[in-house]
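# Coordinate inspection notes
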Amino acid sequence: CVAGFTLSTLMCGLADSLEALIFWRILQGGFGAPTTPLGQSILMESFPRTQHTRVMGLFGVGVVIGPVLGPWLGSLMAEHYTWRWAFYAIVPLGVLATVVLRFVLPADSGRPRTQLDWIGFLALSISLGAMQLVLARGQRLDWYQSPEIIAETVVAVLAFWIFAVHCLTTCRPFLDPRQLANRNYSIGLLLVTIFGMLNLTPMVLLPPLLTGPAGFSDSLVGTVVAGRGVGGCLGFLIAGFTGRVDARLSMMIGFGSLLMAGIWLTHIDLNVGYLTLALNAGLQGLAIGLIWVPLTTVAFSTVKREAMAEANAIYHLLRNLGSSFFISISVAEIVRSTSANYSRLIENLSQYNKVLGIPSVLGSWNAETGPGLAGLSREVARQATLIAYLNAFGMFTVACAIAIPLILLVRSRSAPST
C-alpha cells in the first residue's frame, strides 16, 4: 500500500491533464486508505491495553497532524514553485517508508487464512460510490429533477440493501454485524463518524473563502491552517493525562472546544484577520487532540484481539465516510445558499431605490452608473458567499453539539477483552 501510494503520488505530480490527475488521485486514495487501519491494528496487537492511550497518542500525531501540516507545506510550495511540488515532496518520504517497512516490519505468523466476501465488499463499494456522486453532483444537476441523480440514488439504496441482507445471512460477512453488540464500540463508531465530519471540514472550507472573497494569499492561508497543528500537539499532550482519569472528560472538553470554535466561525466577516483565524484553528487542533486518543482507546477497549483488524477497518471507514459526506453536503449548501442569498440581496440594488440615494448609506459606492452598479453587484456577491459559508459553519456547530450527549453513553471503565 505504501509503495502504491508513493508511485501514484509521483504520477499525480507528473499528470498532464485533469483526467489523468483524477485517475492517479483515485489510486492514491485506494492505496492510502488501508494504511491507517492496518497501522493502528499492528500497534494495538503489539502493545498491551494498558499502554494503548500512550501509543494512540503518538499514532494520532501522524493521523491527525499530518493532514494539517500537509496543506500548509503544500500551499508554500504551490505559491513559490508549482502545485506539482506538493506531490513531489511526498515521494522521498514514501520511498523511505517503503524501505523501512520492508526490513523492519515482521512477517505475519499464526494467522488463519481469510477469504474476502466479494458480494458484501462490492455491494458496499457501489452503494458508497453512488451516494458520493449524489452528494457531489446533486446541486449542479438540480437534485431529483435530474434522471442521473434519481438513478444514482436507486443504485445506492439497492446496493446497500443487498449489502445489509447479505451481512445478516452469510456465515462470513465482509463486516460482521455482531461487532455492533459491543456498546463502547458501537458508540465509538457513531462518535468517530461525527469526528470525521468535523476534522477536515474547516480545512476544506476556509481556504476557498480566504483566497477568494477575503483576498488572502496561499501562504497566509497555509499559516492559518498550520495553527491546527500547534493546537493538535498540545491536545495530544493533554489527552495523555486526562484520558487516565476519565476518557469521557477528555472527549467532552474536546467536542466542547470544537463547539466553541464553530460558534466563533459563524461570527466572522470578510475583514477578519489571519491571527484570529489562526487562534481559531489552534482551538480546533487542541480539540482534535483531546478527542482522538480517548475516543480510539475507549472504542477498542472491549474488542477482542482477533477481531481488531476488522474493527479498525470499519472504524476508519466511517471516519473517512463522515468526512467526505459532510464536506460534500457543506459544499452543496454553500453553492445553493450563495445563489439564494445573492438573489435576495440584489433585489434592493436598483437605481430606483431611493434609500441608495442617501450619501450616508452608500458611502463611496455609486448606484447611478452602470459600472457603479456592477461594483455593488460584486460586493453583494462577496457578502452572499460569506453568508453561505457561515451557514456551513453553522452545520459544523450543530454536529459538534450532537456528539456531546453520545459521550455520556460510553462506559469509561470496562473489563478488557483478550
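Residues numbered from 1 in each chain as written. Predicted model: local features only at pLDDT ≥ 70, side-chain atom pairs only at ≥ 80, totals over all residues. Heavy atoms only, no water.

### Brief notes about the overall build of the chain
Scanning the chain from terminus to terminus reveals 16 helices and zero strands. Taken over C-alpha atoms, the radius of gyration comes to 24 Å for the chain, in line with the 22 Å a tight globule of 418 residues would show. Residues counted as buried form 43% of the 418 residues belonging to the chain. Look at the contacts in the chain between residues 6 or more apart in sequence, and 80% of them connect residues 24 or more apart. Of the roughly 21900 Å² that the chain leaves accessible, carbon and sulfur atoms contribute 68%. Looking at the chain, you have 25 positive and 19 negative side-chain charges, and the mean spots of the two groups are 11 Å apart. (Helix = DSSP H or I, 4+ residues; strand = E, 2+ residues; numbered from the N terminus. Rg over C-alpha atoms; globule rule 2.2 N^0.38 Å. Buried < 20%, exposed > 50% of the residue type's maximum accessible area, 1.4 Å probe, protein only. Contact = heavy atoms within 4.5 Å. Areas by Shrake-Rupley, 256 points an atom, 1.4 Å probe, with all protein chains shown as cover. Lys, Arg positive; Asp, Glu negative; His and termini not counted. Charge placed at Lys NZ, Arg CZ, Asp CG, Glu CD.)

### Points about the packing of aromatic side chains
With the rule as written, the count across this model stands at ten aromatic pairs. Here the guanidinium or amino end of Arg102 rests over the ring plane of Phe103, the centre of that ring lying 5.7 Å away. (Phe/Tyr/Trp six-rings, centres within 6.5 Å; stacked < 30°, edge-to-face > 60°. Lys NZ or Arg CZ within 6 Å of the ring centre and 35° of its normal.)

### Description of helix 3 (residues 35–46)
Between its first and last C-alpha, helix 3 extends 16 Å over twelve residues, near the 16 Å set by a 1.5 Å rise per residue. Those residues of helix 3 that fall on the buried side of the exposure criterion are Thr36, Pro37, Gln40, Ser41 and Met44. For helix 3, the angular spread of the buried residues around the axis is 130 degrees, confining them to a single face. (Expected span 1.5 Å × (residues − 1). Arc of directions from axis to C-beta.)

### Some details on the packing of helix 9 (residues 183–199) against helix 10 (residues 201–211)
Axis separation between helix 9 and helix 10 bottoms out at 5 Å; the angle between their running directions is 20 degrees. Taken together, helix 9 and helix 10 sit at an angle that is classed as roughly parallel. Residues Met197, Leu198 and Asn199 of helix 9 lie in contact with helix 10, whose contacting residues are Thr201, Pro202 and Met203. Among the residues making up the contact of helix 9 with helix 10, the classes are represented as four nonpolar, two polar and no charged. (Axes fitted to C-alpha atoms, helices over the stretch in contact; angles between N-to-C directions. Parallel < 35°, antiparallel > 145°, perpendicular 65-115°, else oblique. Nonpolar A, V, L, I, M, F, W, Y, C, P; charged D, E, K, R; others polar.)

### Brief notes about the side chain of Thr6
By the secondary structure assignment, Thr6 is in helix 1 (residues 2–14). What makes Thr6 buried here is its relative accessible area of 8%. Within the structure, the side chain of Thr6 is placed 2.8 Å from the backbone oxygen of Val2, a separation counted as a polar contact. Here Thr6 is in contact with Val91, Gly94, Val95 and Thr98, once residues within four sequence places are set aside. (Polar contact = N/O pair within 3.5 Å; in protein donor to acceptor, adjacent residues only side chain to side chain.)

### A word on the environment of Ala136
Tracing the backbone shows Ala136 in helix 7 (residues 118–137). For the pair formed by Ala136 and Leu265, sequence separation is 129 residues and the distance between their alpha carbons is 24 Å.

### Remarks on helix 12 (residues 247–265)
Along its 19 residues, helix 12 runs 27 Å from first to last C-alpha, staying within 8% of the 27 Å computed at 1.5 Å per residue. What helix 12 keeps buried is the set Ala247, Ser250, Met251, Gly254, Phe255, Gly256, Ser257, Leu258, Ala261, Gly262 and Leu265.

### A few points about the environment of Gly196
Relative to the assigned elements, Gly196 resides in helix 9. Gly196 sits 25 residues away from Cys171 along the chain, and the two C-alpha atoms are 31 Å apart. Other than its neighbours up to four places away in sequence, Gly196 contacts Arg319, Gly322 and Ser323.

### A word on the state of the cysteines
Evaluation of the coordinates by the stated rule reveals zero disulfides. Free of any disulfide, Cys1 has its nearest cysteine sulfur in Cys12, 16 Å distant. A relative accessible area of 45% means that Cys1 is categorised as partly exposed. (Disulfide = S-S within 2.5 Å.)

### Re the pattern of salt bridges
Taken as a whole and assessed by the stated rule, the structure comprises three salt bridges. As a salt-bridge pair, Glu333 and Arg336 come within 3.0 Å of each other at their nearest N and O atoms. Of the two residues, Glu333 and Arg336 are both situated in helix 14 (residues 308–346); the distance of three residues between them amounts to about one turn of the helix. The class of Glu333 is buried, set by a relative accessible area of 17%. (Salt bridge = Lys/Arg side-chain N within 4 Å of Asp/Glu carboxyl O.)

### Some thoughts on a nonpolar patch on the surface
The grouping of Val95, Leu96, Val99, Val100, Phe103 and Val104 at the surface amounts to a nonpolar patch, some 590 Å² of accessible area in total. Relative to the assigned elements, Val95 resides in helix 6 (residues 90–104). (Patch = residues over 30% accessible without salt bridge, like charges linked within 9 Å, V, L, I, M, F, W, Y side chains within 5 Å.)

### Quick word on the nonpolar core
In this structure, Leu191, Leu198, Phe255, Leu258, Leu295, Phe300 and Tyr315 are the most contacted members of the largest nonpolar core, which totals 53 residues. Sorting elements by how many residues they give to this core places helix 13 (residues 274–299) first, with eleven residues. Discounting chain neighbours no more than four positions away, the residues touching Leu258 are Leu198, Gln284, Ala287, Ile288, Ile291, Phe396 and Cys400. (Core = buried A, V, L, I, M, F, W, Y, C linked by side-chain atoms within 4.5 Å.)

### Remarks on the confidence of the model for the chain
Mean pLDDT over the chain: 82, with 90% of residues reaching 70 or higher. Here helix 15 (residues 359–362) stands out as the least confident element of the chain, with mean pLDDT 68; helix 1 is the most confident, with 92. Of the regions scoring below 50 in pLDDT, residues 414–418 engages in 15 contacts with residues more than four places distant in sequence or in other chains. (pLDDT = per-residue confidence, 0-100.)

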